[in-house]
Amino acid sequence: MKINSEDYWSERYRNGSTGWDMGGPAPALTAYADQLTDKSIRILLPGAGRAYEAEYLFRAGFTALTVIDIAAEPLADLKARVPEFPESQLIPADFFEFQGGPFDLILEHTFFCALPPALRSEYVRKMAALLAPDGKLAGLFFSFPLTEQGPPFGGSAAEYRALFSPYFEIKTLEQATNSIPPRMGNELFFIFELPEQQL
Ligand SMILES: C[S@@+](CC[C@H](N)C(=O)[O-])C[C@H]1O[C@@H](n2cnc3c(N)ncnc32)[C@H](O)[C@@H]1O
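Residues numbered from 1 in each chain as written. Predicted model: local features only at pLDDT ≥ 70, side-chain atom pairs only at ≥ 80, totals over all residues. Heavy atoms only, no water.

What am I meant to see in the overall build of the protein chain here?
Regarding its fold elements, the protein chain presents six helices and seven strands. If you list the helices and strands of the protein chain from N to C, you get α-α-β-α-β-α-β-β-α-β-α-β-β. The C-alpha radius of gyration computed for the protein chain amounts to 16 Å, which stays within 12% of the reference 16 Å derived for 199 residues, consistent with globular compactness. Expressed as a percentage of its 199 residues, the buried residues of the protein chain come to 49%. Within the protein chain, residue pairs in contact and separated by at least 24 positions form 67% of the contacts whose partners lie at least 6 positions apart. Summed over its atoms, the accessible surface of the protein chain is roughly 9,200 Å², and 52% of this surface lies on carbon and sulfur atoms. A gap of 1 Å separates the mean positions of the 16 positive and 26 negative side-chain charges of the protein chain. (Helix = DSSP H or I, 4+ residues; strand = E, 2+ residues; numbered from the N terminus. Rg over C-alpha atoms; globule rule 2.2 N^0.38 Å. Buried < 20%, exposed > 50% of the residue type's maximum accessible area, 1.4 Å probe, protein only. Contact = heavy atoms within 4.5 Å. Areas by Shrake-Rupley, 256 points an atom, 1.4 Å probe, with all protein chains shown as cover. Lys, Arg positive; Asp, Glu negative; His and termini not counted. Charge placed at Lys NZ, Arg CZ, Asp CG, Glu CD.)

Help me understand the site of the ligand in this model?
Among the 19 residues in the neighbourhood of the ligand, the closest are listed as Tyr13, Asp69, Phe95, His109 and Thr110. Within the side chain of Tyr13, one N or O atom sits 2.6 Å away from an oxygen atom of the ligand. Out of a free accessible area of 590 Å², the ligand has 97% covered by protein chains. The class makeup of the residues in the shell around the ligand is twelve nonpolar, five polar and two charged. (Near = heavy atom within 4 Å. Polar contact = N/O pair within 3.5 Å; in protein donor to acceptor, adjacent residues only side chain to side chain. Nonpolar A, V, L, I, M, F, W, Y, C, P; charged D, E, K, R; others polar.)

Is there a simple way to think about the packing of helix α5 (residues 120-130) against helix α6 (residues 157-164) in this case?
For any two helices packed against each other, the geometry comes down to the angle between their axes and how far apart the axes lie. Where α5 contacts α6, the two axes come as close as 10 Å, and the packing angle between them is 55°. When the axes of α5 and α6 are compared, the pair comes out oblique. The interaxial crossing formed by α5 with α6 has right-handed handedness. Contacts between α5 and α6 involve Arg120, Ser121, Tyr123 and Val124 on the former and, on the latter, Tyr160, Leu163 and Phe164. Among the residues forming the contact of α5 with α6, the class breakdown is five nonpolar, one polar and one charged. (Axes fitted to C-alpha atoms, helices over the stretch in contact; angles between N-to-C directions. Parallel < 35°, antiparallel > 145°, perpendicular 65-115°, else oblique. Left-handed = near helix turned anticlockwise from the far one by under 90°.)

It is not clear to me how the packing of aromatic side chains should be interpreted in this structure. Could you clarify?
A complete count under the given rule lists 24 aromatic pairs for this structure. A ring pair is formed by Phe95 and Phe111, whose centres lie 5.2 Å apart and whose planes are at 80°; its orientation type is edge-to-face. Within this pair, whereas Phe95 is found in the loop between β3 (90-92) and β4 (103-109), its partner Phe111 is found in the loop between β4 and α5, the two being separated by 16 residues in sequence. Phe111 shares its class with Phe95; the two are buried. Arranged with centres 6.1 Å apart and planes meeting at 90°, the rings of Tyr123 and Phe164 form a pair that is edge-to-face. Placement of the pair is Tyr123 in helix α5 and Phe164 in helix α6, with a sequence separation of 41 residues. Considered together, Tyr123 and Phe164 belong to a single accessibility category, that of buried residues. Joined through ring pairs, the aromatic side chains of Phe95, Phe96, Phe111, Phe112, Tyr123, Phe141, Tyr160, Phe164, Phe168, Phe190 and Phe192 make up one cluster. (Phe/Tyr/Trp six-rings, centres within 6.5 Å; stacked < 30°, edge-to-face > 60°.)

Any chance you could explain the nonpolar core here in plain terms?
Side chains of nonpolar character tend, in soluble globular proteins, to be buried together. Counting 28 residues, the largest nonpolar core has Ile43, Leu45 and Val67 as the members making the most contacts within it. Contributing elements (two or more residues each) for this core: α2 (27-34), β1 (43-46), α3 (52-59), β2 (65-69), α4 (72-81), β4, β5 (131-142) and β7 (187-193). Among residues more than four places away in sequence, those in contact with Leu45 are Glu53, Ala54, Leu57, Leu65, Thr66, Val67, Ile68 and Leu107. Judged by nonpolar contacts, the second largest core, of 27 residues, contains Leu44, Phe141, Tyr160 and Phe168. (Core = buried A, V, L, I, M, F, W, Y, C linked by side-chain atoms within 4.5 Å.)

Quick question: what am I supposed to make of the sheet that holds β7 here?
Strand pairing in a sheet is mediated by backbone hydrogen bonds. Such pairs are either parallel or antiparallel. The strand order β3-β2-β1-β4-β5-β7-β6 describes an open sheet built from seven strands, whose pairing is mixed. Among the strands making up the open sheet, the edge pair consists of β3 and β6 (169-175). Taken pair by pair, the neighbouring strands of this sheet meet at an average axis angle of 15°, ignoring direction. Across two bridges, the pairing between β1 and β4 is parallel. If you follow Ile43 over to β4, its bridge partner there is Leu105. Relative to β3, α4 is tilted by about 160°, and along the sheet it contacts β2 and β3. Across the face of the sheet, α5 comes into contact with β1, β4 and β5 while running at roughly 140° to β5. (Pairing = 2+ DSSP bridges.)

Bear in mind that shape data such as this cannot, by itself, settle questions of function.
Below you can see the structure in the form of structure tokens.
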């Protein structure tokens, strides 16, 4: 089964093979969300899985949230946990085929590392295309060596800088200090900003 397919991910949710699932939002991302003052900004959460960050943002009063996952199962889980979450803002779709936006902020959490590395350049271009001018892509990347075996697929700050800097200003790219214990020392928190005029 291909890694980047609905069957592959749905099957993992159905058989409980979801070792990445933290059962709650990443502290680095809730800390980032907590300092956002404008709750009307348009936020995309791609490859969101059970979408604990979307739940956190929704409960904090953010309204313009769009949650995408290629598998329907985790989106149904979010809806069961938060029945008030608007169904129309839950999109069971392939991120690369999604034609929405623009967004002011896209939050990344273990989506990039789940993709076959051959899709990385396309991920960068798609993110840039989905953001409004001045929009931000923020989140967590793993910082362990990239291997052929995955997911998760790793990478380094130098690799991420090289990949994203043709499109984004690298505002922050540093070791996360508030990772959960099993990920401590292996995560980079980042904020990449699109220039006012896209390239
Ligand atoms: C490792 S999980 C991370 C889920 C969630 N972000 C988290 O941290 O718990 C990767 C997620 O990306 C989704 N996914 C993989 N490829 C995708 C694609 N092309 N489009 C949308 N979602 C995708 C999977 O279904 C899965 O939920």
